[in-house]
Amino acid sequence: MNKKTVLILACPVMLLLMSLKTAFTPMQVQRPLMDSLKRQAKFGFGRPASTQEIAAWDIDVRPDGKGLPAGQGDVKRGRILYVQKCAMCHGTDGTEKPGIKLPGNALVGDTLASSKPKTIGNYWPYATTLFDYMRRAMPYNLPGSLSNEEVYSITAYLLNANKIIKADVVLDAKNLYKVVMPAKKLFIMDDRKGGPEVK
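Summary of the structure given here. Keep in mind that this is a model prediction, so the values were computed, not measured.

**Some points on the overall build of the chain**
So, point 1. Across its full length, the chain carries 7 helices and 2 strands.
So, point 2. For the chain, the succession of helices and strands along the chain, N to C, is α-α-β-α-α-α-α-α-β.
So, point 3. For the chain, buried positions account for 28% of its 199 residues.
So, point 4. Sequence separation of at least 24 residues holds for 56% of the intrachain contacts in the chain that already meet a minimum separation of 6.

**Section: the side chain of D132**
So, point 1. Following the sequence through the fold, D132 ends up in helix α6 (residues 127–137).
So, point 2. Judged by its relative accessible area of 14%, D132 is buried.
So, point 3. Once residues lying within four places of it in the same chain are set aside, the contact partners of D132 are I59, D60 and V61.

**Considering the state of the cysteines**
So, point 1. Following the criterion strictly, the structure yields 0 disulfides and no others.
So, point 2. The thiol of C86 is not disulfide-bonded; the next cysteine sulfur, from C89, is found 8.8 Å away.

**Remarks on the pattern of salt bridges**
So, point 1. For the structure shown, the criterion picks out 4 salt bridges.
So, point 2. Between E150 and K85 there is a salt bridge, with the nearest N and O atoms lying 4.0 Å from each other. With E150 in helix α7 (residues 148–161) and K85 in helix α3 (residues 75–85), this residue pair connects regions lying 65 residues apart in the sequence.
So, point 3. The class for E150 is buried, based on a relative accessible area of 13%.
So, point 4. When the shortest N-O distance is used, the salt bridge between D132 and R136 registers 3.2 Å. You can see D132 and its partner R136 sitting in helix α6, 4 residues apart, about one turn around the helix.

**Digging into α6**
So, point 1. Among the residues making up α6, those that are buried are A127, T128, L130, F131, D132, M134 and R135.
So, point 2. Next to the buried residues of α6 lie α5 (120–123) and α7.

**Some remarks on α7**
So, point 1. The first and last C-alpha atoms of α7 sit 20 Å apart over 14 residues, in line with the 20 Å expected at 1.5 Å per residue.
So, point 2. In terms of burial, α7 is a largely internal element, 11 of the 14 residues being buried.
So, point 3. Against β1 (72–74), α3, α5, α6 and β2 (170–172) lie the buried residues of α7.
So, point 4. Positioned one or two residues after α7, K163 has a phi angle of 60°, which is positive.

**With respect to the nonpolar core**
Side chains of nonpolar character tend, in soluble globular proteins, to be buried together.
So, point 1. Counting 30 residues, the largest nonpolar core has M134, L158, L159, I165, L171, L176 and V179 as the members making the most contacts within it.
So, point 2. Mapped by element, the contributors of at least two residues to this core are α3, α6 and α7.
So, point 3. The element best represented in this core is α7, accounting for 8 residues.
So, point 4. Sequence-distant contacts of L176, defined by excluding residues within four places in its chain, comprise L68, A127, T128, F131, Y152, T155, L159 and L171.

**A word on a nonpolar patch on the surface**
So, point 1. A grouping of Y123, L186 and F187 is seen on the molecular surface, where their side chains present a nonpolar patch of about 290 Å² in accessible area.
So, point 2. Locating L186 in the fold gives a position in the segment after β2.

What counts and what doesn't
Residues numbered from 1 in each chain as written. Predicted model: local features only at pLDDT ≥ 70, side-chain atom pairs only at ≥ 80, totals over all residues. Heavy atoms only, no water. Helix = DSSP H or I, 4+ residues; strand = E, 2+ residues; numbered from the N terminus. Buried < 20%, exposed > 50% of the residue type's maximum accessible area, 1.4 Å probe, protein only. Contact = heavy atoms within 4.5 Å. Disulfide = S-S within 2.5 Å. Salt bridge = Lys/Arg side-chain N within 4 Å of Asp/Glu carboxyl O. Expected span 1.5 Å × (residues − 1). Core = buried A, V, L, I, M, F, W, Y, C linked by side-chain atoms within 4.5 Å. Patch = residues over 30% accessible without salt bridge, like charges linked within 9 Å, V, L, I, M, F, W, Y side chains within 5 Å. Areas by Shrake-Rupley, 256 points an atom, 1.4 Å probe, with all protein chains shown as cover.

What follows is the structure in structure tokens.
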């Protein structure tokens, strides 16, 4: 046998021995992760948020109306504001047109649960959710820029367009949460107990 053949035959044997050594090497004890650099607890920048700063972000509105701000809005003004601030994404009247793809979802539609697409009138369970979402996230290009009065007015217009409220209703913190949405009956409260709960 020449040296080249011996070397070729020796390679698989060496690989086998190396894998056996790895297989029988005891596993290292797992140590808890810790910061080996001993960093300081505070880095010396930033500051606690003030009460006013927290209040500016703490604007959630619950289904029972808690969190609704002062102000009011009506359908007539809401229609004007909708055209100015919402129509570019949701269409001139908020409905889905055959063959036209809107940048935003359709907002106005039939209030039957089986209707497509899902809109405010056939899918949203609470009118306060509409107000809350619009105040936080709309318009798309400038979220949070609408005044409370503007949000009340656009909410009134959209609820009227979905045939949920009459055209003469003026919405405010005292009556918005009382609006009964057609889809509310389709939702149930998650009251499961004694297992993995998603709340």
